[in-house]
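Here is how the chains run, residue by residue.
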Amino acid sequence: MLKNFSLEGKIALVTGASYGIGYAIAKAFHAAGATIVFNDINADLVQKGVAAYKADGIAAHGYVFDVTDEQQVNDVVAKITSEVGVIDILVNNAGIIKRIPMIEMSAKEFRQVIDVDLNAPFIVSKAVLPAMIAKGHGKIINICSMMSELGRETVSAYAAAKGGLKMLTRNIASEYGEYNIQCNGIGPGYIATPQTAPLRELQADGSRHPFDSFIISKTPAARWGTSEDLAGPAVFLASEASNFVNGHVLYVDGGILAYIGKQPK
Ligand code: NAP
Ligand code: GCO
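Residues numbered from 1 in each chain as written. Chains lettered and ligands numbered in written order. Predicted model: local features only at pLDDT ≥ 70, side-chain atom pairs only at ≥ 80, totals over all residues. Heavy atoms only, no water.

A. Representation of the overall build of the chain within the structure. Looking only at helices and strands, the chain features 7 helices and 7 strands. Across the chain, helices and strands are ordered from the amino to the carboxyl terminus as β-α-β-α-β-α-β-α-β-α-β-α-α-β. Taken over C-alpha atoms, the radius of gyration comes to 18 Å for the chain, in line with the 18 Å a tight globule of 265 residues would show. Burial status across the chain gives 48% buried among its 265 residues. A separation threshold of at least 6 residues defines the contact pool for the chain, and within that pool the share at least 24 residues apart is 72%. Of the roughly 12,500 Å² of accessible surface on the chain, 57% is carried by carbon and sulfur atoms. The averaged location of the 25 negative side-chain charges in the chain is 5 Å from the averaged location of its 23 positive side-chain charges. (Helix = DSSP H or I, 4+ residues; strand = E, 2+ residues; numbered from the N terminus. Rg over C-alpha atoms; globule rule 2.2 N^0.38 Å. Buried < 20%, exposed > 50% of the residue type's maximum accessible area, 1.4 Å probe, protein only. Contact = heavy atoms within 4.5 Å. Areas by Shrake-Rupley, 256 points an atom, 1.4 Å probe, with all protein chains shown as cover. Lys, Arg positive; Asp, Glu negative; His and termini not counted. Charge placed at Lys NZ, Arg CZ, Asp CG, Glu CD.)

B. The arrangement of the sheet that holds strand 7 (residues 249-252) in detail. Strand order in this open sheet of 7 strands is 3-2-1-4-5-6-7, and the pairing throughout is parallel. Of all strands in the sheet, those bounded by a partner on one side alone are strand 3 (61-64) and strand 7. The mean angle between the axes of side-by-side strands here comes to 20°, regardless of whether they run parallel or antiparallel. By the bridge criterion, 4 bridges tie strand 1 (residues 11-14) to strand 2 (residues 35-40) in an arrangement that is parallel. (Pairing = 2+ DSSP bridges. Axes fitted to C-alpha atoms, helices over the stretch in contact; angles between N-to-C directions.)

C. Broad picture of helix 6 (residues 210-218). Buried residues of helix 6: Phe211, Asp212, Ile215 and Ile216, and no others. Taken end-on, helix 6 shows its buried residues confined to a sector of 140°, consistent with a single buried face. (Arc of directions from axis to C-beta.)

D. Quick peek at the site of ligand 2. Close contacts around ligand 2 come from 14 residues, with Arg99, Ser145, Arg152, Tyr158 and Tyr190 the closest. One nitrogen or oxygen atom from the side chain of arginine 99 is found 2.6 Å from an oxygen atom belonging to ligand 2. At a separation of 2.6 Å, an oxygen atom of ligand 2 approaches a polar side-chain atom of serine 145. Within the complex, the protein chains bury 96% of what would otherwise be the 330 Å² of accessible surface of ligand 2. Here the shell around ligand 2 is built from residues that sort into 8 nonpolar, 4 polar and 2 charged. (Near = heavy atom within 4 Å. Polar contact = N/O pair within 3.5 Å; in protein donor to acceptor, adjacent residues only side chain to side chain. Nonpolar A, V, L, I, M, F, W, Y, C, P; charged D, E, K, R; others polar.)

E. Seen up close, the side chain of threonine 196. Relative to the helices and strands, threonine 196 resides in the loop between strand 6 (181-188) and helix 6. In this structure threonine 196 comes out as buried when scored by relative accessible area, which is 6%. At a separation of 2.6 Å, a polar atom in the side chain of threonine 196 contacts the main-chain carbonyl oxygen of isoleucine 191. Filtering out sequence-adjacent residues up to four positions away, threonine 196 remains in contact with Arg99, Ile191 and Trp224.

F. Main features of the environment of aspartate 117. Along the polypeptide, aspartate 117 turns up in helix 4 (residues 107-135). On the basis of relative accessibility, which here comes to 1%, the residue aspartate 117 falls in the buried class. Sequence spacing of aspartate 117 and alanine 94 is 23 residues, and the spatial spacing of their C-alpha atoms is 7.2 Å. Dropping the residues within four chain positions of it, aspartate 117 is found in contact with Ala94, Gly95, Ile96, Tyr158, Ala161, Lys162 and Leu165.

G. Spotlight on the state of the cysteines. Across all of its chains, the model carries 0 disulfides by this definition. Looking at the unpaired cysteine 144, the closest cysteine sulfur is the one in cysteine 183, lying at 8.5 Å. Residue classification places cysteine 144 among the buried residues on the basis of a relative accessible area of 3%. (Disulfide = S-S within 2.5 Å.)

And the structure:
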């Protein structure tokens, strides 16, 4: 049974994986036997990422490209294919968030979030799918969010993008399932990474950020998640063990979506 979870012989591309959730997923894929390819938007981040992977005993292949730029994506996917091999597993992890009240957000800012969080997963998935079809198998994992299901103040663009990403996940599953390609999502809860650091900053008096306390009260696990909490679910969705799981978003959220929240004392 355990060999069904092996990624031996597989090549995995994780976007935006110099650090954070992408890094943790790539590290887990390596532990399961995969060859790691990752990107980031600038050379400095990629160099730092390569060094970090090396320090963790991982000879990761780092590439610099902007996931929103279709020409760059197509050129680098071709370069990866010639230098490393055909991509078996794609994790669309790269993402941004802008926390701005909707009526104060410009259309440009809205489009920037949609571009990275929704258009880019389309672009990168489109670039890797033909070779997956030719090879007769493939795995695409889109990193969705609580905001694929729920809204909250100031994250209109992010919620629209992540809601769209859930449906893009279902559509890729629908359109390419017959080629033994599975496309699923992971919906992390609130994870302690640089992206959520502003929500966890201690107050001037040393008390917890109100949003930090709020999330703790909304999470049955009564804690923020760590990037490592996503490792096992990601390996499962990247492995043969999930070959009949398709179009699913696996929420790794400590139970937030199941819980009304702790009653205030
Ligand atoms: P993060 O710490 O902000 O890391 C995101 C990574 O994506 C960074 O390395 C970033 O590079 C890269 N990136 C951004 N725009 C890019 C572009 N155009 N091209 C290439 N790379 C780009 O975020 P995270 O917390 O690890 O989150 C990773 C994913 O999980 C995101 O999709 C996020 O929406 C999602 N997510 C996060 C949480 C959470 O609580 N943290 C929960 C649910 C879902 P730069 O450093 O240059 O920006
Ligand atoms: C926010 C947070 C969330 C998390 C994550 C939750 O501002 O509400 O950044 O959006 O990043 O997406 O699943």
